[in-house]
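Understanding the architecture of this molecule
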Amino acid sequence: MSPVDPDEARRRILEELSRDEYRTGDGFVAWLLHLFDSLVARITADLPEATPVHWALLVLAAGVLALLVALVVRRTGWLRRSGALSVSAALDAAETADAAELRVRARTALDAGRHDDAVVLALRSLVRDLDERTLIEVSAGMTAREVAAGAARPFPDLHRRLEHAAAAFDTAAYSRRPVGAKPAQDAVRLVEYVAQTRPDLAEVDA
């Protein structure tokens, strides 16, 4: 492969990062592109042409930046599938419904074949249930994996099932892939079981 001019390398990567799938808000994208442009300028400073090593550094820098975008987008839910859910995916949403009602809604969604809704409602019911029993402290922007980790303390035997439910929630809320019937059924059954199970308070107080 022939050497690539630093300006051309920068142009190609900036063009890639400007594509629609990376857009989460003009201010955010502009900040990331400015950050990347500054990084590229430092790497290619005083170079008449990019060597293979510096080209590799440019590719690495682009990969790190793309990963940062993905993490931020995943955390904030900016790429949540439009129209895929008919319910809110916010785990820390102020609920007017109690945990029992949310479990009923999750079961209803499951029976109707709305698997994404069923998983989201199941995880929201879990958060509400644990909060009502003061087993976890609900925080703004908490993730499904944080909920699973918190729930695993009073229910250590359910650790693996809680992780699977959290993964199903991430698929339902953020992925472009739908949740299958089995993960949705498992999530609903899990939260129904948790609601009827006595927690290990020794683990909570430890």
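Look above for the structure.
Summary of the structure given here. (Residues numbered from 1 in each chain as written. Predicted model: local features only at pLDDT ≥ 70, side-chain atom pairs only at ≥ 80, totals over all residues. Heavy atoms only, no water.)

**Examining helix α4 (residues 99-111)**
- Between its first and last C-alpha, α4 extends 18 Å over 13 residues, near the 18 Å set by a 1.5 Å rise per residue.
- Among the residues of α4, A99, L102, R103, A106, A109 and L110 are the ones counted as buried. Seen along its axis, α4 keeps its buried residues to an arc of 125°; they face one direction. Seen from the buried face of α4, the exposed residues on the opposite side, beyond 90 degrees, are V104 and D111.
- Where α4 is buried, its residues contact α5 (115-132) and α8 (181-195).
- Two residues or fewer after α4 comes G113, characterised by a positive phi angle close to 80°. (Helix = DSSP H or I, 4+ residues; strand = E, 2+ residues; numbered from the N terminus. Expected span 1.5 Å × (residues − 1). Buried < 20%, exposed > 50% of the residue type's maximum accessible area, 1.4 Å probe, protein only. Arc of directions from axis to C-beta. Contact = heavy atoms within 4.5 Å.)

**So, the nonpolar core**
- Core analysis: the biggest nonpolar cluster contains 43 residues, and L91, V119, L126, L162 and F169 have the highest contact counts within it.
- Where this core is concerned, the elements lending two or more residues are α4, α5, α6 (144-152), α7 (159-174) and α8.
- By residue number, the principal contributor to this core is α5, which donates nine residues.
- Residues in contact with L91, not counting those within four places in the same chain, are L123, R124, V127, M142, T143, A144, V147 and F169. (Core = buried A, V, L, I, M, F, W, Y, C linked by side-chain atoms within 4.5 Å.)

**Details of the pattern of salt bridges**
- Across all of its chains, the model carries six salt bridges by this definition.
- In this structure, R114 engages D117 in a salt bridge whose closest nitrogen and oxygen atoms are separated by 3.0 Å. (Salt bridge = Lys/Arg side-chain N within 4 Å of Asp/Glu carboxyl O.)

**Thoughts on the packing of α4 against α5**
- Orientation of α4 relative to α5, taken along the N-to-C sense of each, is 165°, at an axis distance of 8 Å. One element, α4, and the other, α5, form an angle in the roughly antiparallel class. Between α4 and α5 lies a crossing whose hand is left-handed. Contacts between α4 and α5 involve A99, L102, R103, R105, A106, A109 and L110 on the former and, on the latter, H115, D117, A118, L121, A122, R124, S125, R128, D129 and E132.
- The class makeup of the residues in the contact of α4 with α5 is eight nonpolar, two polar and seven charged. (Axes fitted to C-alpha atoms, helices over the stretch in contact; angles between N-to-C directions. Parallel < 35°, antiparallel > 145°, perpendicular 65-115°, else oblique. Left-handed = near helix turned anticlockwise from the far one by under 90°. Nonpolar A, V, L, I, M, F, W, Y, C, P; charged D, E, K, R; others polar.)

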